[in-house]
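Survey of secondary and tertiary structure
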Amino acid sequence: YPRVAALRMRVRGSLMTLSDATNTYTAYVGLKEVISGVPANGIFFRYTNAVNGGRWQAVCRASGVETAVDTGVSPGTTGAETLEIRGSSDGLTFTFFINDTLVATITTNLPAINVGFGAGINFLRSVGTAAVNAAAYDYMVLEQDSPSRT
């Protein structure tokens, strides 16, 4: 089936408040088929304090089944960081970069192109009452070549 191919998504900014046991949230940065809620399909970075030691994860998710990779990088709250996702021209490999350093390569659980993705940043609160719009981002850029539909 057709795949998301030949793309580059780049976001620069930072989280202002980290998730914790009192106010727990999950941040999603990337391409998803939903604006709010947990995406069943997507290609994104994900962060919460309660998973993966509080480090960013690189995630590809297709029909609710995912491949998640520990990037080894914890989000900071001071200074901007750059998150970037690149899709190969054949749509079979996605590479994830933080501050221009390759942190993950994923080749499994890749979503189909016909899902209808949007680029975005969203936060889902699971514990507490504090506001979860706890980020300041400078820009988001999405570039994509049109894949063949044959």
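Coordinates for the structure precede this section.
All of these numbers come straight from a predicted model, not from anything done at the bench. Residue indices follow the written sequence of each chain, beginning from 1 at its first position. Note on the predicted model: pLDDT of at least 70 is required for a residue's local features to be given, and 80 or more for side-chain atom pairs to be given and counted; whole-chain, interface and lining totals, by contrast, use all residues. No hydrogens and no water enter the side-chain calculation; it runs on all heavy atoms of the structure.

Let us now look at the pattern of salt bridges. Within this document, salt bridges are pairs made up of a side-chain nitrogen of Lys or Arg and a carboxyl oxygen of Asp or Glu, the two lying within 4 Å of each other. Applying the stated criterion across every chain yields a total of eight salt bridges. A salt bridge links Arg 10 to Glu 84; its shortest N-O distance comes to 2.3 Å. With a gap of 74 residues between them, Arg 10 in strand β1 (residues 7-15) and Glu 84 in strand β6 (residues 81-87) connect regions that are remote in the sequence. Arg 86 serves as the salt-bridge partner of Glu 84, at 2.7 Å between the closest nitrogen and oxygen. Partly exposed residues are those whose accessible area sits between 20% and 50% of the maximum for their type, while under 20% is buried and over 50% is exposed, using a 1.4 Å probe and protein chains only. For Glu 84, a relative accessible area of 1% translates into the label buried. Helix numbers and strand numbers start at the N terminus; a helix is a DSSP run of H or I with at least 4 residues, a strand a run of E with at least 2.

Here a strand pair is declared whenever DSSP counts at least two bridges between the two strands. The sheet built from five strands is open, its strands ordered β5-β4-β3-β2-β9 with antiparallel pairing. The sheet terminates laterally at β5 (65-70) and β9 (118-127), the two strands that pair on one side only. Here the strands of the sheet are splayed against their neighbours by 25 degrees on average, with no regard to which way each runs. As judged from the nine bridges shared by strand β2 (residues 24-32) and β9, these two strands associate in the antiparallel manner. Looking at the pairing, Thr 26 lines up with Leu 124 of β9. Simply put, an axis is a line fit to the C-alpha atoms, just over the touching stretch for a helix, and the angle between two N-to-C directions goes from 0 to 180 degrees.

So, about the environment of Met 140. Summarising the element assignment, Met 140 is placed in strand β10 (residues 135-144). Using a relative accessible area of 31% as the deciding quantity, one classes Met 140 as partly exposed. Once residues within four sequence positions are removed from consideration, Met 140 is found in contact with Arg 10, Val 11, Ala 119, Gly 120 and Ile 121. Contacts between residues were defined by any pair of non-hydrogen atoms, one from each residue, lying within 4.5 Å.

On the basis of which strands lie adjacent, the open sheet formed by five strands has the order β8-β7-β6-β1-β10 and antiparallel pairing. Strands at the two margins of the open sheet, each flanked by one partner only, are β8 (101-106) and β10. The mean angle between the axes of side-by-side strands here comes to 15 degrees, regardless of whether they run parallel or antiparallel. Bridge count for β1 against β6 is seven bridges, and the pairing is antiparallel. Paired with Val 11 across the strands is Leu 83, a residue of β6.

Turning our eyes to something else, we now look at the pairing of β1. In summary, the side chains of a regular strand alternate between the two faces of the sheet. With seven of its nine residues buried, β1 lies for the most part within the structure. Direction of pairing for β1 relative to β10: antiparallel, over a ladder of nine bridges. In the sheet register, Arg 8 faces β10, and the bridge partner there is Glu 143.

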